[in-house]
Amino acid sequence: MKKTLTKRTIDELVDEIKSKVELLRGTTIENATNKDIYYAISSIVNEEINKSWTQTEENYKQKQPKQIYYLSMEFLIGRLVESNLLNIGLLKECNEAIVKLGYSPEDIYAQEKDPGLGNGGLGRLAACFLESMASLSYPGHGCGIRYRYGMFEQRFINGHQTELPDYWLKEEYPWEIRKAEEAVEVHFGGEVHMFKKRNGSLEFRHENTDKVLAVPYDVPVVGYNNQVVNTLRMWSAESPAVESDLQTSHTAQYYHHLEHNRSIEQISGFLYPDDSSYEGKILRIRQQYFLVSASLKSILREYKQNVRRSLAHLPEKVVIQINDTHPSLTVPELMRILMDEEGFGWEKAWEITSNVVAYTNHTTLSEALEKWPKDMIKSLLPRLYMIIDEINERFCQGIWFDYPELRDKIPEMAIIADDQIHMARLAVVGSFSVNGVAKLHTEILKKQEMKNFYALYPEKFNNKTNGITHRRWLMQVNPKLTSLITETIGPRWISRPNELTNLLRYSKDRPFLDKLGQIKRANKESLANFIHEKTGIVVDENSIFDVQIKRLHEYKRQLLNIFHVIHLYNELKNHPQLDITPRTFIFGAKAAPGYYFAKEIIKLINTVASIVNHDPEIKGKLKVIFLENYNVSLAERIIPAADLSEQISTAGKEASGTGNMKMMMNGALTIGTLDGANIEIKNLVGDPNIFIFGLQSEEVFEYYRTGAYVARDIYNTDERIADIMNQLNGGEFGSQEIEFKDIYYHLLYNNDPYFILKDFDAYTETQQLVDQEYRDKDTWLSKSLINIAHSGKFSSDRTIQEYANDIWKIQKQ
Ligand code: 26Q
């Protein structure tokens, strides 16, 4: 369904912006602010999108293709104005129109609030997937929650992280449409009554529930150059209008109502800012059920309206992909609807449900596996609890009778065990597909974390290595590199990112590499300007931009990075003439507000930064920049300027990583462990084009198993480590005393659980190699090019193609 969009000249756009400013903003172009221009542009874009949006929906209604619904508690979509302009083919023209009007495109686009409706990797992945589904013309949609407060805004005060609320809806958000008439009711609590029907079967009635109104806000998901616009539907919790609301004359009752409304609205009140430990908070499970129940109601209503066949055929028309276990109540909720509302018996309902749901796992960290106290679920969702209990009973009995060899594993496989509901087990049992997000991760699931389930259902398990959309993460953020690529190999790579490998021919091409170098240089200059603006610190654009941007976690090992910085600093203090390649260490990271140790690491990095950056003896050879409030927009500024991408997690712990892919695509070389997708990057680019170091996952597992690693031995034998540790333990650092005793004691007394001391030597040695190799500019650029050339594999288009072929079995429309 290709149809050309309304192509405009720059002058036409200028006129349209002028008239929008007048009509919509009630001002003249002479007096227009950046905000006025931004809203004018978003309105022009919306008009363009809306035509395709209705057409896309109409098209799905008529053809009734199988649809995929991506259920996720997080969608970290980033700003949309630029990516929508890019995808409808108006970005260049619009930039020029803005300039013609005397404004700066960058400033205009920065008017948009960046919605922080996700924590990190998992939420951003969901956003990339939606964009790829639309760009590949797949009928795929997102279902999420419209949190009133997104991810907190991070500020540093005296080097400490503080959190400010992120009220992102203060000003009108131009991309959402409230669909009040499509609201649905979600029911909590209540009692379940059982009736025996005449035919002897049982009927369950759920009564006296608390009703919550789920109101959808739809955001268009715009495909690239194909007129497809899919939908991201985000639910907002409101209290249903009750007649007595208006009539109450009784004061106490009136306040009771207000209070009740408040507690309802809380459901979509804020995003939980934890991304790898879960806390059994009741509000969180309310959020999860709210998402699941509202989305299912809307999905089934659509099915009934369009397909007009029995729900027995649901698996032919609908797939629900659940993003981690967070929406895993989909399994019992769909069972409930099919049985209690649609009259199916258990077996048929189970067949339908388990052929509709597919589950993606994003972690093997045991502290991150969701478990909910069964009493909590019992009182909050009594009917769902009964169903989960029955699923569990049947599952355990099935093992007992049909898989006697697994009998002794039942306690570790049961969905309900130790008075808790194990959501990952529920998701595996209730779905037809279980996938990990990188090869190693999937192997670890199959061989270790979920080995019993793998023995039971080998056919369910599969790998889908993550990806990122090259439209945002290359074309939008790095227009100069994009132009160079297109000038060199033509434009076909845009729809076939694998063809970036055609660049390999230029890996020794001097003029080409020069241009590549100039582009990186320009991107570094623009980041340097930004850093100066934000921090007042001047950084050397010739230095290595060494970047670690991701959530703060012990397993991601920002601590190893800062140990290396401290080591270099100590070396320079002891040998002022030491010949090192100047480096700028750039960090971006938020810590979960309750994660004390992560916050200590933030404080440490900031402390090191303030000493190193102001020490004249260092002569500007080292700079440490910790940028506040890392989010999608900040990532977009940093990534095109990165020389070195830090992917240094303890092997076996990072399921995939996606920042590694983004930086590779922009020409950074990776320094990393053999973990997550780093392994796949290495296999593509080859050893000379990546810096791999450190323990491998088998060694890590072996150490955990045997306890053979003793952190103190390293402290006792490696002087560089002893120096750093003693500095942390209240020693001299430059001219100051610093004190990070908790870090010191944690590493020694908890035996360095993430192998920071153990990997330090290999890491510093590899960093020395980086230092040496960076001096040979041509070789470095050639390696940079090889990374770009192989990055097409990590386009989320490839990932989505694999989901579509192997799991969803859906067709392009
Ligand atoms: C769960 C329960 C209660 C509160 C919060 C949560 C919660 C929220 C978010 C648990 C986990 C997350 C996010 C996890 C995440 O981002 N994982 C990352 O997913 C990426 C995409 O697959 C991978 O690349 C990363 O390796 C993985 O860490």
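Structure: see above.
Below you will find a few notes about this structure. (Residues numbered from 1 in each chain as written. Predicted model: local features only at pLDDT ≥ 70, side-chain atom pairs only at ≥ 80, totals over all residues. Heavy atoms only, no water.)

Considerations on the pattern of salt bridges
According to the stated counting rule, one finds 51 salt bridges in the structure shown. For E182, the salt bridge goes to R233, with nearest N and O atoms at 2.8 Å. With E182 in the loop between β5 (177-178) and β6 (184-188) and R233 in strand β10 (residues 229-238), this residue pair connects regions lying 51 residues apart in the sequence. We note a salt bridge from K573 to E617, for which the minimum N-O separation is 3.1 Å. With a gap of 44 residues between them, K573 in helix α22 (residues 558-574) and E617 in the loop between α23 (596-613) and β20 (622-626) connect regions that are remote in the sequence. Classification of K573 by relative accessible area gives partly exposed; the value is 25%. Salt bridges sharing common partners tie together R8, E16, E48 and K51. (Salt bridge = Lys/Arg side-chain N within 4 Å of Asp/Glu carboxyl O. Helix = DSSP H or I, 4+ residues; strand = E, 2+ residues; numbered from the N terminus. Buried < 20%, exposed > 50% of the residue type's maximum accessible area, 1.4 Å probe, protein only.)

A few points about the packing of helix α20 (residues 479-489) against helix α21 (residues 510-535)
Close contact between α20 and α21 brings their axes to 9 Å; oriented N to C, the two are set at 165 degrees. With respect to each other, α20 and α21 are oriented roughly antiparallel. Relative to α21, the crossing made by α20 is right-handed. Note on element contacts: α21 touches α20 through F512, K515, L516, I519 and A522, opposite K480, L481, L484 and T488. Classifying every residue of the contact of α20 with α21 gives 6 nonpolar, 1 polar and 2 charged. (Axes fitted to C-alpha atoms, helices over the stretch in contact; angles between N-to-C directions. Parallel < 35°, antiparallel > 145°, perpendicular 65-115°, else oblique. Left-handed = near helix turned anticlockwise from the far one by under 90°. Contact = heavy atoms within 4.5 Å. Nonpolar A, V, L, I, M, F, W, Y, C, P; charged D, E, K, R; others polar.)

Some details on empty space enclosed by the protein
Tallying each qualifying case throughout the model produces 5 cavities of 30 Å³ or more. Size it by volume and the largest cavity reaches roughly 220 Å³. Along the wall of the largest cavity there are 19 residues; nearest its centre are L80, S83, E131, V221 and R472. Elements with a minimum of two residues in the lining of the largest cavity: α3 (81-88), α6 (121-135), β9 (210-222) and α19 (470-476). By volume, the second largest cavity amounts to about 110 Å³. (1 Å grid on protein atoms, 1.4 Å probe; cavity = no way out; pocket = protein on both sides within 12 Å on 5 of 7 lines; lining within 4 Å. Points joined across faces, edges and corners; volume = space filled by probe spheres on them.)

Details of the sheet that holds β20
Spatially, the 6 strands line up as an open sheet ordered β20-β19-β18-β21-β22-β23, and their pairing is parallel. This sheet does not close on itself; its edge strands, each paired only once, are β20 and β23 (691-692). Bridge count for strand β21 (residues 644-647) against strand β22 (residues 669-672) is 4 bridges, and the pairing is parallel. Within β22, the residue paired with S645 across the bridge is T670. (Pairing = 2+ DSSP bridges.)

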